[in-house]
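Spelled out from the first residue to the last, the chains are:
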2 protein chains.
Amino acid sequence: MAAAKVNGQTKEGKRNCGIDGPTNPMVTPLLTDLYQFTMAYAYWKAGKHEERAVFDLYFRKNPFGGEYTVFAGLEECIKLIANFRIAEDEIAFIRASLPPSCEDGFYDYLRGVDCSNVEIHSISEGYVVFPKVPLMRIEGPIAVVQLLETPLLNLINYASLVATNAARHRFVAGKSKLLLEFGLRRAQGPDGGIGASKYSYMGGFDATSNVAAGKLFGIPLRGTHSHAFVSSFMSPDEITDKLLHSFDGSNACEDFVSLVQTWLRKLKRSHVLGGIFGETNQSELAAFTSYALAFPSNFLALVDTYDVMRSGIPNFCAVALALKDLGYKAVGIRLDSGDLAYLSCEARKFFQAIEKEFGVPDFGKTCITASNDLNEETLDALNKQGHQVDAFGIGTHLVTCYAQPALGGVFKLVEINNQPRIKLSEDVSKVSIPCKKRCYRLYGKEGYPLVDIMVGENEPPPKVGERILCRHPFNESKRAFVVPQHVEELLKCFWPGRSGKAREELPPIKLIRERCIKQLDQMRTDHMRRLNPTPYKVSVSAKLYDFIHFLWLNEAPCGRVAVKFPRHALSERDE
Amino acid sequence: MAAAKVNGQTKEGKRNCGIDGPTNPMVTPLLTDLYQFTMAYAYWKAGKHEERAVFDLYFRKNPFGGEYTVFAGLEECIKLIANFRIAEDEIAFIRASLPPSCEDGFYDYLRGVDCSNVEIHSISEGYVVFPKVPLMRIEGPIAVVQLLETPLLNLINYASLVATNAARHRFVAGKSKLLLEFGLRRAQGPDGGIGASKYSYMGGFDATSNVAAGKLFGIPLRGTHSHAFVSSFMSPDEITDKLLHSFDGSNACEDFVSLVQTWLRKLKRSHVLGGIFGETNQSELAAFTSYALAFPSNFLALVDTYDVMRSGIPNFCAVALALKDLGYKAVGIRLDSGDLAYLSCEARKFFQAIEKEFGVPDFGKTCITASNDLNEETLDALNKQGHQVDAFGIGTHLVTCYAQPALGGVFKLVEINNQPRIKLSEDVSKVSIPCKKRCYRLYGKEGYPLVDIMVGENEPPPKVGERILCRHPFNESKRAFVVPQHVEELLKCFWPGRSGKAREELPPIKLIRERCIKQLDQMRTDHMRRLNPTPYKVSVSAKLYDFIHFLWLNEAPCGRVAVKFPRHALSERDE
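Residues numbered from 1 in each chain as written. Chains lettered and ligands numbered in written order. Predicted model: local features only at pLDDT ≥ 70, side-chain atom pairs only at ≥ 80, totals over all residues. Heavy atoms only, no water.

As recorded by an unreviewed UniProt entry, chain A carries the name Nicotinate phosphoribosyltransferase and is attributed to Abeliophyllum distichum. What UniProt records for chain A under Pathway (unreviewed entry) is the sentence "Cofactor biosynthesis; NAD(+) biosynthesis; nicotinate D-ribonucleotide from nicotinate: step 1/1." A UniProt comment under Function (unreviewed entry) is attached to chain A, and it reads "Catalyzes the first step in the biosynthesis of NAD from nicotinic acid, the ATP-dependent synthesis of beta-nicotinate D-ribonucleotide from nicotinate and 5-phospho-D-ribose 1-phosphate. Helps prevent cellular oxidative stress via its role in NAD biosynthesis." (UniProt positions renumbered as here; feature names shortened; annotations may be inferred.)

Student: Explanation requested: the overall build of chain A in the structure shown.
Tutor: Tallying secondary structure elements over chain A gives 17 helices and 24 strands in all. With the principal axes as the frame, chain A shows a C-alpha extent of 90 × 60 × 40 Å. Taken across its 575 residues, chain A has 63% of its residues classed as buried. Positive and negative side-chain charges in chain A, numbering 69 and 66 respectively, have mean positions lying 4 Å apart. (Helix = DSSP H or I, 4+ residues; strand = E, 2+ residues; numbered from the N terminus. Buried < 20%, exposed > 50% of the residue type's maximum accessible area, 1.4 Å probe, protein only. Lys, Arg positive; Asp, Glu negative; His and termini not counted. Charge placed at Lys NZ, Arg CZ, Asp CG, Glu CD.)

Student: Sorry if this is basic, but what is going on with the side chain of Lys198(A) here?
Tutor: Within the secondary structure, Lys198(A) sits in helix α6 (residues 190-202). When near neighbours in sequence (up to four residues on either side) are disregarded, Lys198(A) contacts Glu75(A), Glu76(A), Phe217(A), Ile219(A) and Ile509(A). (Contact = heavy atoms within 4.5 Å.)

Student: Could you clarify how one ought to interpret the UniProt feature "domain: Nicotinate phosphoribosyltransferase C-terminal" (unreviewed entry) in chain A in this entry?
Tutor: Taken from the UniProt record, the annotation "domain: Nicotinate phosphoribosyltransferase C-terminal" (unreviewed entry) applies to residues 436-547 of chain A. The span residues 436-547 of chain A is 21% helix and 31% strand, and its two end C-alpha atoms sit 12 Å from each other.

Student: Teacher, can you tell me more about the packing of helix α2 (residues 74-82) of chain A against helix α5 (residues 142-173) of chain A here?
Tutor: Each packed pair of helices is defined by two parameters, the angle between the axes and the distance between the axes. Residues and elements named next belong to chain A. One way to put it is that α2 packs onto α5 with a least axis distance of 9 Å and a crossing angle of 150°. Considered as vectors, α2 and α5 are oriented roughly antiparallel to each other. Between α2 and α5 lies a crossing of right-handed hand. The segment α2 lies against α5, with Glu76, Cys77, Leu80 and Ile81 engaging Leu148, Pro151, Leu152, Leu155 and Ile156. (Axes fitted to C-alpha atoms, helices over the stretch in contact; angles between N-to-C directions. Parallel < 35°, antiparallel > 145°, perpendicular 65-115°, else oblique. Left-handed = near helix turned anticlockwise from the far one by under 90°.)

Student: What am I meant to see in the confidence of the model for chain A here?
Tutor: Any residue range with low pLDDT should be treated as having predicted coordinates unsuitable for detailed reading. Residue and element names in this part refer to chain A. In this model, chain A carries an average pLDDT of 93, and 94% of its residues clear a pLDDT of 70 or more. Considering only residues more than four positions removed or in separate chains, one finds that residues 558-569, a stretch of pLDDT under 50, has 30 contacts. Contacts for the low-pLDDT stretch residues 571-575, under 50 throughout, to residues beyond four places or in other chains number ten contacts. Here the predicted complex scores 0.94 on pTM and 0.94 on ipTM. (pLDDT = per-residue confidence, 0-100.)

Student: Sorry, what's going on with the packing of aromatic side chains here?
Tutor: When we look at a pair of aromatic rings, we describe it by the centre distance and by the angle of the planes. According to the stated counting rule, one finds 42 aromatic pairs over all chains in the structure shown. Consider the rings of Phe474(A) and Trp552(A), whose centres lie 5.9 Å apart with planes at 80°: the pair is edge-to-face. Within this pair, whereas Phe474(A) is found in the loop between β20 (468-471) and β21 (479-482), its partner Trp552(A) is found in helix α17 (residues 542-555), the two being separated by 78 residues in sequence. According to the relative accessible area criterion, Phe474(A) is buried, its value standing at 17%. Here Trp552(A) falls in the partly exposed class, since its relative accessible area comes to 21%. Judged by centre distance (5.0 Å) and plane angle (45°), the ring pair of Tyr291(B) and Phe295(B) falls under tilted. (Phe/Tyr/Trp six-rings, centres within 6.5 Å; stacked < 30°, edge-to-face > 60°.)

Student: Explain the pattern of salt bridges to me, please; I cannot follow it from the model alone.
Tutor: Should the charged atoms of two oppositely charged side chains come close, the side chains can pair. Scanning the entire structure with this criterion turns up 72 salt bridges over all chains. Across the salt bridge formed by Glu149(B) and Arg185(A), the nearest N and O atoms sit 3.0 Å from each other. With Glu149(B) in helix α5 (residues 142-173) and Arg185(A) in the loop between β8 (178-181) and α6, this residue pair bridges two chains. For the pair formed by Glu149(B) and Arg185(A), the shared burial category is buried. (Salt bridge = Lys/Arg side-chain N within 4 Å of Asp/Glu carboxyl O.)

Student: Is there a simple way to think about the relation of the copies chain B and chain A in this case?
Tutor: Taken together, a rotation about one axis and a shift along it account for how the two chain copies relate. Between chain B and chain A, the superposition needs a rotation of 180° and an axial shift of 0.0 Å, giving an RMSD of 0.0 Å. Each copy turns onto its partner about a two-fold axis. A shared interface surface links the copies, since 99% of the contact residues of chain B are contact residues in chain A too. (Least-squares fit on C-alpha atoms with pLDDT ≥ 70 in both.)

Student: Where do I start with the nonpolar core in this structure?
Tutor: It is characteristic of soluble globular proteins that their nonpolar side chains tend to be buried jointly. Ranked by internal contacts, the top residues of the largest apolar core, which has 365 residues, are Phe256(A), Phe316(A), Phe256(B) and Phe316(B). Leaving out residues up to four positions away in the same chain, Phe256(A) has contacts with Lys242(A), Leu244(A), Thr289(A), Ala292(A), Leu293(A), Val319(A), Ala322(A), Leu323(A) and Leu326(A). Counting nine residues, the second largest nonpolar core, distinct from the first, contains Val451(A), Ile453(A), Val455(A) and Ile468(A). (Core = buried A, V, L, I, M, F, W, Y, C linked by side-chain atoms within 4.5 Å.)

Student: Honestly, the domain arrangement of chain A in this entry has me stumped. Any pointers?
Tutor: When the parts of a complex come together, some accessible area is lost, and that lost area is often used as the size of the interface. Structurally, chain A comprises domain 1 (3-167 + 405-570) and domain 2 (224-389). Its C-alpha centre places domain 1 of chain A at a distance of 52 Å from the equivalent point of domain 2 of chain A. (Domains from an automatic or database assignment.)

Student: Teacher, can you tell me more about helix α17 (residues 542-555) of chain B here?
Tutor: Note: α-helices contain 3.6 residues per turn, so residues at a spacing of three or four share the same orientation. With 14 residues, α17(B) ought to run about 20 Å at 1.5 Å a step, and its terminal C-alpha atoms sit 20 Å apart, in line with that. Where the residues of α17(B) are buried, they touch β17 (419-420), β18 (437-443), β19 (449-456), β20 (468-471) and β24 (537-540) of chain B. (Expected span 1.5 Å × (residues − 1).)

Student: What is the right way to read unusual backbone geometry from this model?
Tutor: Trans peptide bonds make up most of the peptide bonds, and negative phi angles are found at most residues other than glycine. Residue and element names in this part refer to chain B. For Phe64, which is not glycine, the phi torsion reads 65° and is therefore positive. Among the secondary structure elements, Phe64 is positioned in the loop between β3 (52-58) and β4 (69-70). The buried category is assigned to Phe64, whose relative accessible area is 11%. The residue Asn417 is not glycine, and still its phi comes out positive at about 50°. Within the secondary structure, Asn417 is located in the loop between β16 (410-416) and β17. Judged by its relative accessible area of 39%, Asn417 falls in the partly exposed class.

Student: Teacher, can you tell me more about the sheet that holds strand β8 (residues 178-181) of chain B here?
Tutor: What the six strands build is an open sheet, ordered β9-β8-β15-β14-β13-β12 (chain B); its pairing is parallel. Two strands in the sheet have a free side with no partner beyond their single neighbour: β9 (207-208) and β12 (300-302) of chain B. (Pairing = 2+ DSSP bridges.)

Student: Teacher, can you tell me more about the interface of chain B and chain A here?
Tutor: Counting from both sides, the interface comprises 116 residues of chain B and, opposite them, 115 residues of chain A. In terms of surface lost to chain A, no three residues of chain B exceed Arg185(B), Gln188(B) and Met234(B), which account for 9% of the buried area on that side. Remark: the boundary between chain B and chain A carries eight salt bridges. A salt bridge links Glu238(B) to Lys48(A), with the shortest nitrogen-to-oxygen separation between them at 3.2 Å. (Buried area = accessible area lost by both parts, 1.4 Å probe.)

Student: Can you walk me through the sheet that holds strand β5 (residues 119-122) of chain A in this structure?
Tutor: Within a sheet, neighbouring strands are paired by backbone hydrogen bonds and run either parallel or antiparallel to one another. All names here are of chain A. Judged by pairing direction, the sheet is antiparallel, and its six strands sit side by side in the order β17-β16-β3-β7-β5-β23 without closing on themselves. Where the open sheet ends on each side, the last strands, each with one partner, are β17 (419-420) and β23 (492-495). Looking at chain direction, strand β3 (residues 52-58) and strand β7 (residues 136-141) are connected through six bridges and run antiparallel. Residue Asp56 lies in a different strand from β7, and its bridge partner there is Arg137. Contacting β3, β7 and β16 (410-416), α5 runs over the sheet at an angle of about 155° to β7.

Student: When you look at the packing of α5(B) against helix α6 (residues 190-202) of chain B in this model, what are you seeing that I'm missing?
Tutor: Residue and element names in this part refer to chain B. Orientation of α5 relative to α6, taken along the N-to-C sense of each, is 50°, at an axis distance of 8 Å. With respect to α6, the axis of α5 lies oblique. As for how α5 packs across α6, the hand of that crossing is right-handed. Every residue of α6 that contacts α5 at Tyr158, Ala159, Val162, Ala163 and Ala166 is listed here: Gly192, Gly195, Ala196, Tyr199 and Ser200. Here the contact of α5 with α6 is composed, by residue class, of seven nonpolar, three polar and no charged. (Nonpolar A, V, L, I, M, F, W, Y, C, P; charged D, E, K, R; others polar.)

Student: Help me understand the pairing of β16(B), please; the structure alone is not making it clear to me.
Tutor: Along any regular strand the residues' side chains alternate between the sheet's two faces. All names here are of chain B. When you tally the buried positions in β16, you get seven out of seven residues, the bulk of the element. Relative to β16, β3 is paired through six bridges, and the arrangement is antiparallel. Across the sheet, the residue bridging to Leu57 is Phe411, located in β16. Connecting β16 to the antiparallel partner β17 that follows it, the hairpin turn spans two residues, and Asn417 within it adopts a positive phi of roughly 50°.

Here you go:
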């Protein structure tokens, strides 16, 4: 096979299936816990490193007190796996980090490590997912698969958390609102910010302020100006170039500043509006005028630097009306402080009064954007108070997942050398579900998903129209027969290793976003509501249930030699 | 000046003072909010882009309910600034993101943008800092300085937050404990993890599990094995290579597995220990034995996969005693679940009993590491319960700053063209402190810092032994005379621009860590305690106080044309 030198590292042709590396070049095989390398050495030393292991990656509890999670981060995982090679300088560093007694042969082994013999089955990115069901099943030589544990968890935990957070914000805001992610400055590091932009968009946001994320992922960008822009001006006198051509180019206004001031005087003389304000802030008026001269077709002004109703809104309207004289349509305003419900309603009334008094069609519909520490609760409160906001800019709470800043995804060994394994714990929720499994989502008549079921790999799949017993994995009394109207297999092959299976394509982010929105739409609303949502049911087959409890008894409390109970005992078919 | 092509981008020699780019190559001029570019265009269009502006970067409230913050992230900021150039593909993307009406001249301007005319004064990294005092003062052409707002906030907010979190964990754990950062898998993205490792170490942690962070920053690495390693073994029978040479190489044990089993039988027959356990888990025993064969000098075992006291501890001790026969000294155990206080005490008793019964010196002092969702509160609870833990592995709560996942650093215009600027707000805590300022820390007789004071740039500095009036910036009645025993200027020049000033060096992380520990040590303990800490005082000079309130009245509520009040009116000296 042809080998090409890339950055000093040998990459064999076609191994990575033409898949680029991770978005962040810092995602390398060293982005893992040291113990993955010490274990790899111990496996290698014991001659166990090539033993075939199956791990499940899953989480135990939905975040944010909810009953659903959006799965995200898969593409970055596959990009890592497709390009997983340990470079020579990395091997040198590992050698320096392990005890000097470690044998050279191990480093030769690491030089040859890649994921060509690793098989990844995963739920598709953007799917709605639930606790205990594997998001990803990773099968391969145990030493290699363990090295993947930390980076895969890192790439999936935050991605899924922030996509879920975005979906929850969308649920509260409603479909008609524009949702903008504004969190870069408060994110947990540079790609905390870039990841937040990517996965907020995936979870249903419309745009981001983050230019780098716009370039990397094609996410629509939004942004206007800050308070500093407003206070950097002193007065309209400092505007020297006052010329503005009309929208259609047919004529030009030689002194746009005067036109704005004429409008401001008209507004002040108005019976309806004049009582609301007196002298507006001239620094702000200068800033708005100057911004409009730069962006006559995209004029959106931040109106709360001094006083929203007594300065910002009248100043904005004077500029917007001057622009209108020249054939332009102002975009709108942004409110970044104060009582957003009240101010948005007052601003709307002001716009509507202008539409009526000056006969400006649609001026009443001027777009109102709100920002300032918004989150699910404040959106909900705004809805209850009644507001006139068209677009929300959400930052800190969205990107840092303030309400719950971590998703507790785990990575557990479920089988080695065809021997199912269980991890026990005094806390039942922490007991792992053993065996290499298949997972299905069963749909009811109305098209809603009813239940997810895990079955042993070689059990026959649930069939449409045939009843199947779905059991709670750890509660004997919780079980129900279900007759699915539609059966969907959840785990698909995204990295076939040497299995010869077809590889699922990685769709573009826009399609994942659409899939995610569709997935969220098709859930029964009682699972989705903010207060007291109904848990979605996750189950195991009767056979898997029996096997879990057989294995549990065998291992606990002080089981002796583990009984060999081969996986194919779970099969109804011969292997 | 000689120009060299680097990655297709022209970099002029020596501009970056030999400073490398940011650790994460994704930190580029595009890692900013779109509005920084729309504002840059509006400034450029108005001919204002070269106006000299001064911005302060500061925060308004200490995190975690505390009364102090550790400042971190400076080095990454300087690395960005030193290498700040907009590449051609980035300019093409900005052009595609702005309205087509934007003029070509702007993109020519962007091509020439760098930070050679930007001046950065900053508090040193690792310092203890307080609300309102500028962490960084950024001076330069307004369009350029605004582009820096978002990345500087991104690089400082999380860095300072996690360094503070680490310092708080250290404060509760005490100086004698080993603190290990284990959070990569739960961090907010890849460099959420890498940043957490770097800044936890800076804030006083001893080591990390994150190999990439170890390589990048030289942070000590720690790690042993996981539960999966334990459950990947079935029984000691599968260990084929049983040979272990003694520590000094003088002899070899042909069957280390048997030696371990001999010790396990001895322990079981012991009067003191035998009653505690019966049959231990053989899968665990095999894993420990195998790990010891791989790492005889570094044997540290995770003992809670099945049952700590009835399996994990006896198995560990059997292996440790077998190692001792060959001249090795086991490192210790890790507890990852259950009642850590109780289990650590029981484990300690078991170790001490072995020391006594089998005459093994120091076996009672075997290191006990604890992990499992630890945070400030659980550390505090463990202290109150009494425990025998020597080392703590802390992950999720540390790296995601679970108790408060964002620091609200802001970036405010304080002066433009020598005109001081103020940003008003109905919330007094959000009013900015205008003027280009100098900041001093005043120390008392006992060596403790007493108060930070901000003064106008040209006011004379506070002098040792001379009393100075320190005023609360917004509360008229809060003021006090202070006679400092030592005066420290806080803002130092880290990027001189064209000022000709000397540039402060960026010290290695180890020195920053030492500085940080020293800084924390020298604070009065009542500022540092977890419950009801005393606020540290932050003040302004009498002159600056008067000026703030003059400017405030002038701008609010609907000030007209801003009165020009030149900065040098604040000076007692002639300029």
